[in-house]
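Secondary and tertiary structure notes
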Amino acid sequence: MKIKRQFTLLSFFIISIPVLCSIFVIIHTYIHSPSRYLITGFSKIERMDIPMLSEKDIITLERSLKMLPEDVEAVLCRTSDRKILYSTIPDIKVGSHMERNEIWNYATETSDKYFYQFSRLQPLDTGLILVTRLSRQKINSTAKTNLYLRILLLIITIAVISLILITAISKSIFNGFNNIQTSSSQLAEGKLDSPISYNEDTHKQNEFICILKSLEKMRCELVEIQERKNRFIMGISHDLRTPVAVIKGYSEAIQDDVITDKEEIKKSIELIEQKATQLEGMIDTLINFMKLNIKEIKENLVKDSITKIINDFGKYAQVTGALFKRNVTVNISLNEDIQVPLNIQLVQRSFENIFSNAIRYTRENDAIDISAYTRKTNGKHILFLKIKDSGCGIDKKDLDYIFDLFYRGTASRQEEGMGIGLAVVKNIMDTHGWEIAVESQKGHGTCFTIKIPYMPVSA
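Remember, predicted model here, so these are calculated numbers, not experimental data.

All right, on to the overall build of the protein chain then. When you go through the protein chain residue by residue, the secondary structure sums to twelve helices and eleven strands. In the protein chain, which comprises 459 residues, the proportion classed as buried is 38%. Sequence-distant contacts in the protein chain: of pairs separated by 6 or more residues, those separated by 24 or more amount to 64%. A total of about 28500 Å² of accessible surface is found on the protein chain, and carbon and sulfur atoms cover 56% of it.

Here it is, written out as structure tokens:
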């Protein structure tokens, strides 16, 4: 359940409980209060504001008294002569005379069976007293009382359910906040080994679960970043150590007069210079890679012809392939000039980098196929560029890491390089919003596929 809905229900139940309790108190008080037994219809008699009663008025009163409920018995007595003007109580006859004490004693003697109500009609100078009674047995067994009791039972039930739901919702919200606090503290303290657990039941998904999912995703990314950092340190230390060791070794040998022959000293200095140049190239490559992360590159992409760049790349591949004795086949099926935002130098560099890997990991007379075509996929226009070779292929365990910085697969560990080339390519693709994927099988070659979304001219 969504948190917004939980808070809404929680607020509703919190408000409903005092309201229900108030209703309960009102109904309970009314049931046990004599006011509930007041005679309905009596207000009509009270509103007869006349100074004296004539016979006509008495007849009107009698008609009004007949409007009382059937269960109510009434007696109308004139105080001046104690005459009974109207009576529906069998023991008291109309026309008879009864003192006030007699009426009071009679009511007291029968009060265990009847509920009595004495009222003086307004104004006071009318001299009329109205006595009404209602059977207590009927009071206790009326349908209205049963209805009130059912309502009270319903109110109590709703109040109990509300309390249970308030407890459950409060516990759910508290547990959600507690889980988020615990998980975020875990990440803040750098404890990345333990996965962040959450309920995967789709029926119980809410904002807390989404936050926990995001925290778990963040944890996985931090773990991956940590692993990349470790590989980065190991890679750069390994690749930079070799030329540094050579430079240091030959420098110490010359300085300590281990090498004294002029010709050997000259060769050593040439080797030192060569390794220094190699070290400088590695540092430049690393700096250029770091520059690719600058946001300015993405903001300064210029719309240009990707069709022309691919065609030029095809010509370059054929010439270079012939030079290295590779059988390069180019099949570019682009029927229109496709314009996309790009950085020409970076795009050319990425294509040539992939092709140079194809040259490196193939032998003489091996095949390298380059193809380009367009397809409409999921309503989007996509340009596909494939660079496929029949070389040694990539080991399955290396496929997930070939785009990582300083990662070098099994087949490339004996080669020169720092493992930056494909990381640069991936970075360029991400900068342009393109996709790159690789398919390979050990001993059966490799195929790199670049997907470039575009808008056709007709659109």
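Together, Ile 15, Val 19 and Ile 23 give the surface a local cluster of nonpolar side chains, amounting to about 250 Å² of exposed area. Secondary-structure assignment places Ile 15 in helix H1 (residues 3-31).

Along helix H4 (residues 100-109), the residues that are buried comprise Ile 103, Tyr 106 and Ala 107. Buried residues of H4, seen end-on, are gathered within an arc of 100° and therefore sit on one face of the element. Those residues of H4 that are exposed and aimed more than 90 degrees away from the buried face are Asn 101, Trp 104 and Glu 109. Packed against the buried residues of H4 are strand S1 (72-78), strand S3 (114-120) and strand S4 (128-135).

Looking now at the nonpolar core. One finds Ile 306, Phe 351, Trp 434 and Ile 450 to be the most contacted residues of the largest nonpolar core, which totals 40 residues. Secondary-structure elements contributing two or more residues to this core are helix H10 (306-323), strand S7 (339-342), helix H11 (344-360), strand S8 (367-377), strand S9 (380-389), helix H12 (421-432), strand S10 (435-440) and strand S11 (446-453). With seven residues, the top contributor of residues to this core is H11. Residues contacting Phe 351, with those up to four places away along its chain left out, are Ile 306, Ile 309, Ile 310, Phe 313, Leu 385, Ile 387 and Ile 450. Listed in part, the twelve residues of the second largest apolar core include Val 75, Cys 77, Ile 92 and Tyr 116.

Packing of H11 against H12 leaves a shortest axis separation of 9 Å and a crossing angle of 145°. Here the hand of the crossing between H11 and H12 comes out left-handed. Residues Leu 346, Val 347, Arg 349, Ser 350, Asn 353, Ile 354 and Asn 357 of H11 form the contact with H12, whose participating residues are Gly 421, Leu 422, Val 424, Val 425, Ile 428, Met 429 and His 432. A breakdown of the residues in the contact of H11 with H12 according to their chemical character gives eight nonpolar, five polar and one charged.

Take Glu 273: it is sitting in helix H8 (residues 262-291). A relative accessible area of 53% means that Glu 273 is categorised as exposed. Counting along the chain gives 26 residues from Glu 273 to Ile 247, while the straight-line C-alpha distance between them is 8.2 Å.

Let us now look at the sheet that holds strand S6 (residues 327-332). The five strands are arranged S6-S8-S9-S11-S10 in an open sheet whose pairing can be described as mixed. The open sheet has two edge strands, S6 and S10, and neither has a second partner. Looking at each pair of strands side by side, their axes are set apart by 15° on average, direction ignored. As paired strands, S8 and S9 are joined by ten bridges and run antiparallel to one another.

Attention now goes to the pairing of S1. Of all seven residues that make up S1, five are buried, and the element is covered over most of its length. Two elements, S1 and S4, share seven bridges in a ladder whose sense is antiparallel. Of the residues in S4, the one forming a bridge with Ala 74 is Thr 132. By the bridge criterion, four bridges tie S1 to strand S2 (residues 83-87) in an arrangement that is antiparallel. Within S2, the residue paired with Val 75 across the bridge is Ser 87. Hairpin remark: S1 followed by S2, antiparallel, with four residues in the connecting loop; positive phi at Arg 82, about 60°.

Moving on, we come to the packing of aromatic side chains. The final tally for this structure, using the stated rule, is eight aromatic pairs. Ring geometry for Trp 104 and Phe 118: centres 5.4 Å apart, planes at 45°, overall tilted. Highlighted residues: Trp 104 in helix H4 and Phe 118 in strand S3, separated in sequence by 14 residues. Residue Phe 118 is classed as partly exposed on the basis of its relative accessible area of 35%. Arranged with centres 5.4 Å apart and planes meeting at 15°, the rings of Tyr 373 and Phe 384 form a pair that is stacked. Taken together, the positions of Tyr 373 in strand S8 and Phe 384 in strand S9 put the pair eleven residues apart, joining distant regions of the chain. A residue is classified by how much of its surface remains accessible, and Tyr 373, at 22% relative accessible area, is partly exposed. A relative accessible area of 11% means that Phe 384 is categorised as buried. An aromatic cluster is present here, built from Phe 313, Tyr 316, Phe 351 and Phe 355 joined pairwise through their rings. One cation-aromatic arrangement involves Arg 133 over Tyr 114; the distance from NZ or CZ to the ring centre is 3.7 Å.

Rules used in this analysis
Every chain is numbered independently, its residues counted from 1 as its sequence is written. Restriction of local features to residues with pLDDT of at least 70 applies here, the model being predicted, together with a cutoff of 80 or more for giving and counting side-chain atom pairs; totals for whole chains, interfaces and linings are based on all residues. No hydrogens and no water enter the side-chain calculation; it runs on all heavy atoms of the structure. The way it works is that DSSP assigns letters per residue, a run of H or I at least four long becomes a helix, a run of E at least two long becomes a strand, and they are numbered from the N terminus. Note on exposure labels: buried denotes an accessible area under 20% of the residue type's maximum, exposed denotes more than 50%, and partly exposed covers the range between, all computed with a 1.4 Å probe on protein chains only. In what follows, a contact means two residues having at least one pair of non-hydrogen atoms within 4.5 Å. Using a 1.4 Å probe, the Shrake-Rupley method yields the accessible areas, and only the shown protein chains count as cover for residues. For patch detection, residues must exceed 30% relative accessible area and be free of salt bridges, and they are connected within 9 Å for like charges or within 5 Å for nonpolar side chains (Val, Leu, Ile, Met, Phe, Trp, Tyr). By convention in these notes, a salt bridge is any Lys or Arg side-chain nitrogen within 4 Å of a carboxyl oxygen on Asp or Glu. Taken from the helix axis, the directions to the C-beta atoms give the arc we talk about. The nonpolar core is taken to be a set of buried Ala, Val, Leu, Ile, Met, Phe, Trp, Tyr and Cys residues, with the residues joined through side-chain atoms within 4.5 Å. Axes here mean lines fitted to C-alpha atoms, for a helix over just the part in contact, with angles spanning 0 to 180 degrees between N-to-C directions. Throughout, a crossing is termed right-handed when the near helix is turned clockwise from the far one, and left-handed when it is turned anticlockwise from it by less than a right angle. Gly falls in the polar group here, along with every residue not listed as nonpolar (Ala, Val, Leu, Ile, Met, Phe, Trp, Tyr, Cys, Pro) or charged (Asp, Glu, Lys, Arg). Two strands make a pair as long as DSSP finds a minimum of two bridges between them. Side-chain rings of Phe, Tyr and Trp, where Trp is taken by its six-membered ring, are said to pair if the distance between their centres is within 6.5 Å; with planes under 30 degrees apart they count as stacked, over 60 as edge-to-face, and otherwise as tilted. To sit over a ring, a charge needs its Lys NZ or Arg CZ within 6 Å of the ring centre and within 35 degrees of the ring normal.

Purely spatial values, then, with no claim about function.
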